[in-house]
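A look at the structure
Listed here are the chains, written in short residue letters.
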Amino acid sequence: MADLRQELKEKIIEQLNLEEFTVADIADDDALFGDGLGLDSIDALELIVMMDKDYGIQLTDPKEGKEIFKSIAVLADYITDNRAK
Amino acid sequence: MKKVYINSAVTISAQDTFDSDGFLNEIKGLSGKTVAARYPNYKNYIAPANLRRMAEGVKMGVTAASKALIDSEITQPDAIITGTGMGCIDDTEKFLNAIISNDEQFLTPTAFIQSTHNTVGAQIALGLKCKAYNNTYSQAALSFEWALMDAQLLLQQEEAENVLVGGYEELGKEIISYRRMMEDADGLGIQVPYSEGTSFFVVSSEKIENSVELIAMEVYSTISAESIQNSLKQFLAKNDVDLSEIDVFISGRNGDVFDSYYDLTAELFENNTQLHYKHLSGEFYTASSFGWWAAYEILYRQEIPEAMIFKGEIKSDNHIILLYNQFKGRDHSFILLKR
Amino acid sequence: MGVAITGMGIISAIGHSVEENKTSLLASKTGIGDLRHIQTNHSQAIKVGEVSLSNAELTRQLQLPEVHNYTRTGLLGLLAATAALENANIPDCSTYRTGFISSTTVGGMDMTEKHIKQFDKDITAQKYIETHHAGDSTRKIADALRIHGLVTTISTACSSAANATMLGARLIKAGKLDRVVVGGTDSLSKFTINGFKTLMIQSDSLCAPFDAHRNGLNLGEAAAYLVLESDAVVQKEKKEVLAYLSGYGNANDAFHQTASSENGEGAFLAMQKALKTAKLNPNQIDYIIAHGTATPNNDLSESRALERIFDKQIPDFSSTKSFTGHTLAAAGVVEAVFSILALQEQYIFPNLNFKTPMPETGLKPITSVVKKEIQHVLSNSFGFGGNCSTLIFSRA
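Residues numbered from 1 in each chain as written. Chains lettered and ligands numbered in written order. Predicted model: local features only at pLDDT ≥ 70, side-chain atom pairs only at ≥ 80, totals over all residues.

Some points on the overall build of chain A
Within chain A, the secondary structure is distributed over four helices and zero strands. What you see for chain A is a C-alpha radius of gyration of 12 Å, in line with the 12 Å of a compact globule of 85 residues. Counting only C-alpha atoms and orienting by the principal axes, one finds that chain A spans roughly 30 × 25 × 20 Å. Residue burial in chain A is summarised as follows: out of 85 residues, 25% are buried. (Helix = DSSP H or I, 4+ residues; strand = E, 2+ residues; numbered from the N terminus. Rg over C-alpha atoms; globule rule 2.2 N^0.38 Å. Buried ≥ 20, exposed ≤ 12 C-beta atoms within 10 Å, placed from the backbone.)

Rendered as structure tokens:
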């Protein structure tokens, strides 16, 4: 589980071009959107593609992302339960 | 009708023009097929959260625009108008290549949404929370000139007092290489590298200490070689400026066969100073904005860089500059500046 | 009164002429259906407003030589612009100072995406290297119409053609032109189809603007142009005026690159400016052709802006994108043509596919063809980058 969380942090930093951040800067329970990391709706779409491409999970409604992308911990749990890759 | 003044001028180019206090003192000779611009430190002007999505052209544009506003001490312009020939070509090529190489799968939105031509104008507005008039022109080598014409129209009609106007261009990677290929296959093609850059200005109806006046400008989609001299004479006559009053003539020479247009117009002048700039800026659709920046600096500083001289002596007093640019015999623009 | 409109031309999914478009609108007949002319993996997953003519058919109709480098964007544009001048009875553009202001977002991408990987070796592909940029189709059309002076292209995403129309009017009012052909053109492309797919705002069924269960837009392609003329020329040439462009406004939402602000601030400001230039009160607007793309975000944001401008007393409104799809840059002028048709025919066009009002507002667009006295029509066009533009047309 810790590996997946680490992996997700690395992917997010790379995919979203968060040059100012290192893995150490993102706590497992930090809010990814809004006041936490400050990600927005476009980032959510980027993460939806990442879910499909890397873990085989397809989200058809972008609004689903709101709950799933709450934090690294929540995201990791969801992927663990639903991954096809 | 209100007069139009340039109150600040900023350019990011292949030369050291953004960070330098001097004016083209240290020139870099341009060679090769394409030359990238000298990119400034964007972090001084753009927050990291916004910077991360931006392609080079957007970063350059937003940065130059910010500086132009700072220099003119305007925080909120009454309008933001940009011009670009190829638009955000970096992100366009990125998204297109993603479509092709991934067979339309797993595509991500950022490159697509940042690829629209108005991205620079939009990001400037976003950064300033500026809800004013916002427009973007894309008409090849008249893209910047049309942005200027729109600004001029707003100011003359008193619909705005301060307008932020600029031109930008990115090299891109792929299409530019093919354009270069076609150009080089033509023995009479462009002799300077293709390049990129951005120039932003605050134009205003308010005259300040370092203002340069935009007396008049005119653009034409087509002018034949036979008509070019008459067109220029008519333009000058319409604006009560005599040929002899023009101290400096700046042309957009790029070494190709269409430089003959500049030769023809230059014949009309006897004793003025003839300058050129595309050997310094490279050629791109909005390169004329670099020429405009240089003209502003010349009139403001009363200084002409040696590197810009094409022909003629440098006079000590220079008050009226005529700029003329065209591209492949199309997209002609005449601009008169005065200080 | 405004700037006189003396001609119009259009080609869209619901017709290849003004007459055909009018017939479809009055018959509530949509042009949205399956994609035919583009090869894409997504063709089963989307519905589009495609012009039924192929590029070969357009070439024949335009009597162009078989070998040319017009992009589809250019072909559609040339057809509509030529029709507009014919409609305005202008055989020769050199008799008065005439300009051409077009707009596009796709530009030559429809050909670039097909040929870019052959640019290095294939001579037949190489003719499209120079046609990618937005100004190419504009220049080709201007040359064909023999307009040589003021020619330009505006590219502000989905508000482009509205801005082109506005600029034309301003140039005439400032006395810089006597006549101007204004409008825009965009063809469908794999680039935009995939682009909108990544934003997850493209519907797999017929779009339902303003509906509670709307799930996205249908892309479309179209070209349309208006001919604007100065009062002096209208009088001298005794021209029939189709309608007047009486108001216009351009503002920026300055909220996000693609999403609209919750209270529709940019839209609100654009409409406010348009009403001001038209010297009209909101209650004088008889019909609104909304931007109404059927995305969750736009329709809510636009509704809020409408509520604010019209103080909750919103006049009859509909989105015609349920007929044509979202034609991107051309949308503003396609809907300008529809606004003028509404004024000429005194009919309001329906918002197809609407069933349930949005819970947030309860607003109901018009859902059938309705005969009504119409003096003033307001038309909205909002684009990426927060570019918001509004046009107001008034009866001649």
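On we go from here.
A few points about the overall build of chain B
For chain B, the helix and strand inventory stands at eleven helices and eleven strands. Here the C-alpha atoms of chain B give a radius of gyration of 19 Å, agreeing with the 20 Å that 2.2 N^0.38 yields for 339 residues. In terms of principal-axis extent, the alpha carbons of chain B reach across some 65 × 50 × 35 Å. Within the span of chain B, comprising 339 residues, buried residues form 58% of the whole. For chain B, the proportion of contacts with a sequence separation of at least 24, taken over those separated by at least 6, is 80%. (Contact = placed C-beta atoms within 7 Å.)

Focus: the interface of chain B and chain C
With 48 residues of chain B at the contact, the number on the chain C side is 50 residues. Within the residue set of the side of chain B that touches chain C, elements represented by two or more residues are helix 3 (89-101), helix 4 (109-113), helix 5 (119-128), strand 3 (133-137), helix 6 (143-156), helix 7 (175-185) and strand 6 (212-222) of chain B. Split by residue class, the side of chain B that touches chain C holds 25 nonpolar, 16 polar and seven charged. (Nonpolar A, V, L, I, M, F, W, Y, C, P; charged D, E, K, R; others polar.)

A word on the domain arrangement of chain B
Where the parts come together, the accessible area they lose is often given as the size of the interface. Residue and element names in this part refer to chain B. Partitioning chain B into structural domains gives domain 1 (4-204) and domain 2 (220-338). Computed over C-alpha atoms only, the centres of domain 1 and domain 2 are separated by 22 Å. Every contact between the two is made by 36 residues of domain 1 and, on the other side, 30 residues of domain 2. The set of elements that each furnish at least two residues to the side of domain 1 that touches domain 2 consists of strand 1 (4-12), helix 6, strand 4 (162-169) and strand 5 (197-204). (Domains from an automatic or database assignment.)

Side note on the interface of chain C and chain A
Contacts between chain C and chain A engage five residues on the former and four residues on the latter. Residue composition of the side of chain C that touches chain A, grouped by class: three nonpolar, two polar and no charged.

Quick look at the packing of helix 3 (residues 72-87) of chain C against helix 6 (residues 135-145) of chain C
Residue and element names in this part refer to chain C. Two elements in contact, helix 3 and helix 6, have axes whose closest approach is 9 Å; the angle formed by their N-to-C orientations is 35°. Our pair here, helix 3 against helix 6, has a crossing hand that is right-handed. The residues of helix 6 that touch helix 3, namely those facing Thr73, Gly74, Gly77, Leu78, Ala81 and Leu85, are Asp136, Ser137, Lys140, Ile141, Ala144 and Leu145. Looking at the contact of helix 3 with helix 6 residue by residue, the classes come out as six nonpolar, four polar and two charged. (Axes fitted to C-alpha atoms, helices over the stretch in contact; angles between N-to-C directions. Left-handed = near helix turned anticlockwise from the far one by under 90°.)

Details of the environment of alanine 162 of chain C
Residue position: alanine 162 of chain C is located in helix 7 (residues 160-173). With sequence-adjacent residues up to four places away left out, alanine 162 of chain C is seen in contact with Gly332, Ser381, Ser389 and Leu391 of chain C.

Describing unusual backbone geometry
Residues and elements named next belong to chain B. A positive phi is found at glutamate 104, a non-glycine position, where the angle reads about 65°. Locating glutamate 104 in the fold gives a position in the loop between helix 3 and helix 4. Located in the positive-phi region is glutamine 302, a residue other than glycine, with phi close to 55°. Looking at the secondary structure, you find glutamine 302 in the loop between helix 11 (288-301) and strand 9 (309-311).

Focus on the nonpolar core
Grouped together as the largest cluster of nonpolar side chains are 249 residues, with contacts concentrated most on Val203 of chain B together with Ile5, Ala80, Ala84, Leu228 and Val337 of chain C. When residues of this core are assigned to their parent elements, the largest contribution, ten residues, is made by helix 13 (residues 331-345) of chain C. In contact with alanine 80 of chain C, other than residues within four places in its own chain, are Gly9, Ile10, Ile11, Gly183, Thr185, Ala223, Ala224 and Tyr225 of chain C. (Core = buried A, V, L, I, M, F, W, Y, C linked by C-beta atoms within 7 Å.)

Focus on the UniProt feature "domain: Carrier" (unreviewed entry) in chain A
Those places that UniProt annotates as "domain: Carrier" (unreviewed entry) correspond, in this numbering, to residues 2-83 of chain A. Secondary structure across residues 2-83 of chain A comprises 54% helix and 0% strand; the distance between its end C-alpha atoms is 16 Å. (UniProt positions renumbered as here; feature names shortened; annotations may be inferred.)

Re helix 6 of chain C
Counted residue by residue, helix 6 of chain C has nine buried out of eleven residues, so it is predominantly covered. Listed as buried for helix 6 of chain C are Gly135, Asp136, Ser137, Thr138, Arg139, Lys140, Ile141, Ala142 and Leu145 of chain C. On its buried face, helix 6 of chain C sits against strand 6 of chain B together with helix 3, strand 3 (98-103), strand 4 (151-154) and strand 5 (179-186) of chain C. Arginine 146 of chain C sits one or two positions beyond helix 6 of chain C and adopts a positive phi of about 60°.

Thoughts on helix 1 (residues 18-26) of chain C
Residues that lie three or four places apart on an α-helix share one face, since the helix turns once every 3.6 residues. Residues and elements named next belong to chain C. Listed in full, the buried residues belonging to helix 1 are Val18, Asn21, Lys22 and Leu25. Looking straight down helix 1, one finds that the buried residues subtend no more than 100° of arc, so they occupy a single side. At its buried positions, helix 1 is contacted by strand 1 (3-11), helix 3, helix 12 (321-324) and helix 13. Positive phi appears at serine 28, one or two residues downstream of helix 1, with a value of about 55°. (Arc of directions from axis to C-beta.)

Focus: the pairing of strand 1 of chain C
Residues and elements named next belong to chain C. Taking burial as the measure, the nine residues of strand 1 include nine buried ones, the bulk of the element. Relative to strand 7 (residues 222-229), strand 1 runs antiparallel, the two being bridged by seven bridges. Its bridge partner lying in strand 7, glycine 7 is registered against valine 227. (Pairing = 2+ DSSP bridges.)

Points about the pairing of strand 3 of chain B
Residues and elements named next belong to chain B. Most of strand 3 is tucked away, with five of its five residues classed as buried. In strand 3, alternate side chains face the same way, and those of Tyr133, Asn135 and Tyr137 on one face and Asn134 and Thr136 on the other are all buried. Both strand 2 (residues 79-83) and strand 3 contribute to a ladder of five bridges, which runs parallel. Note that in strand 3 the partner of threonine 82 across the bridge is threonine 136.

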